[in-house]
Amino acid sequence: MKFSSQLQSATLLKRYKRFLVDLRTNDNEEFTVHCANTGKMTGCADSGFKAYYSTSDNKKRKYAHSLELTENNQGHLICVNTGVANKVAYEAIEENRIEELAGYDEIKSEIKYGHENSRIDILLSSDDKPDCYVEVKSVTLLEQGQGYFPDAQTVRGQKHLRELIHIKKQGQRAVLLFIVMHDGIESVQAAAHIDKKYAQLLAEARGEGVEIYAYKAQITPTEVKVIKQVSVLNT
């Protein structure tokens, strides 16, 4: 996935009110950008980090700029715009770069499904096989060398796991796809120390036959794309 506009760089000052981040340019100009991330962004938005932001030509937006990437003190690039993960996953599936999800005739996104009023991120279908429901999650939390999901308690994420379990019991394919959006992460594990219920549901989902995969993205200021599969560890 290529960014639609050229990203500019600045220094991150602080994040606040969940969706706002203050930046400072090299010319010491300070300004506020929108941040499309509902998580805690632990280790992803510290003061002093390098930040990359995009600019929209939509005049109706209150904040013209959006935070896309940060760079931590170890030089790791992190994609903090969680909406990018869905686009990256969709593109990778279209281009058959995720082997387990290849071979379907049709791909759709944001389709209503389930028994808890949900929308599936990606729905794959063919006449000769069961439908495949793919829930995509962006992984950016790195602690002591290990990647974790989620980075905050997620009632919504718990609901998605219940929906996948239900879909699997109905005879369809159910897939949880972690997209690793942090250069420093090489494996993914449920963050039981942050959301014990999510970790329990993930273990239950695995036991019920929900397929769980993790793929790492290569991140640059011009493009984000899936490059390899990484391990999903048991909690």
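Along each chain, residues carry numbers from 1 onward, in the same order as the chain's sequence is written. Only residues with pLDDT of 70 or above have their local features reported here, since the model is predicted, and side-chain atom pairs are shown and tallied only from 80 upward, although totals for entire chains, interfaces and linings are computed over all residues. The side-chain numbers reported here are obtained from all heavy atoms of the structure, hydrogens and water having been left aside.

**A short note on the nonpolar core**
Consideration 1: L101, L124, V134, L177, I179 and M181 are the most contacted members of the largest nonpolar core, which has 32 residues in total.
Consideration 2: What counts as a helix is a DSSP run of H or I of at least four residues, what counts as a strand is a run of E of at least two, and both are numbered from the N terminus. For this core, the elements supplying multiple residues, two or more each, are β6 (77-79), α1 (83-94), β8 (118-126), β9 (129-139), β12 (173-180), β14 (211-219) and β15 (224-233).
Consideration 3: A per-element tally of this core places α1 first, with 6 residues.
Consideration 4: Residue assignment places this core across two domains, with domain 1 (8-79) and domain 2 (82-232) each supplying three or more.
Consideration 5: Discounting chain neighbours no more than four positions away, the residues touching L124 are I93, L101, Y104, E106, I107, D131, C132 and V134.
Consideration 6: Residues belong to one nonpolar core when they are buried, are Ala, Val, Leu, Ile, Met, Phe, Trp, Tyr or Cys, and are joined through side-chain atoms within 4.5 Å. Relative accessibility under 20% of the residue-type maximum defines a buried residue, over 50% an exposed one, and the middle range a partly exposed one, all with a 1.4 Å probe and only protein chains included. Ranked by size, the runner-up nonpolar core spans 26 residues in total, among them Y113, I120, V139 and V210. What marks off one domain from the next here is an automatic or database domain assignment. By definition in these notes, contact holds between two residues if any of their heavy atoms fall within 4.5 Å.

**Regarding the UniProt feature "domain: Sugar fermentation stimulation protein C-terminal" (unreviewed entry) in the protein chain**
Consideration 1: UniProt positions are given in the numbering used here, feature names are shortened, and annotations may be inferred rather than shown by experiment. Feature annotation in UniProt assigns "domain: Sugar fermentation stimulation protein C-terminal" (unreviewed entry) to the following positions: residues 84-222.
Consideration 2: Spanning residues 84-222, this segment combines 27% helix with 40% strand, and its end C-alpha atoms are found 13 Å apart.

**Quick notes on the UniProt feature "domain: SfsA N-terminal OB" (unreviewed entry) in the protein chain**
Consideration 1: Residues annotated in UniProt with the feature "domain: SfsA N-terminal OB" (unreviewed entry) correspond here to residues 13-80.
Consideration 2: Strand forms 44% of residues 13-80 and helix 0%; the C-alpha atoms that close the span are 15 Å apart.

**Topic: helix α2 (residues 155-169)**
Consideration 1: To estimate the expected span of a helix, subtract one from its residue number and multiply by 1.5 Å. Look at α2: 21 Å from first C-alpha to last across 15 residues, which is about the 21 Å you get at 1.5 Å a residue.
Consideration 2: Regarding α2, the residues found buried are G157, Q158, K159, H160, L161, E163, L164, I165 and I167.
Consideration 3: Tucked inside the fold, the buried residues of α2 contact β7 (106-113), β8, β9, β12 and α3 (196-207).
Consideration 4: Of the residues trailing α2, G171 is marked for its positive phi of about 95°.

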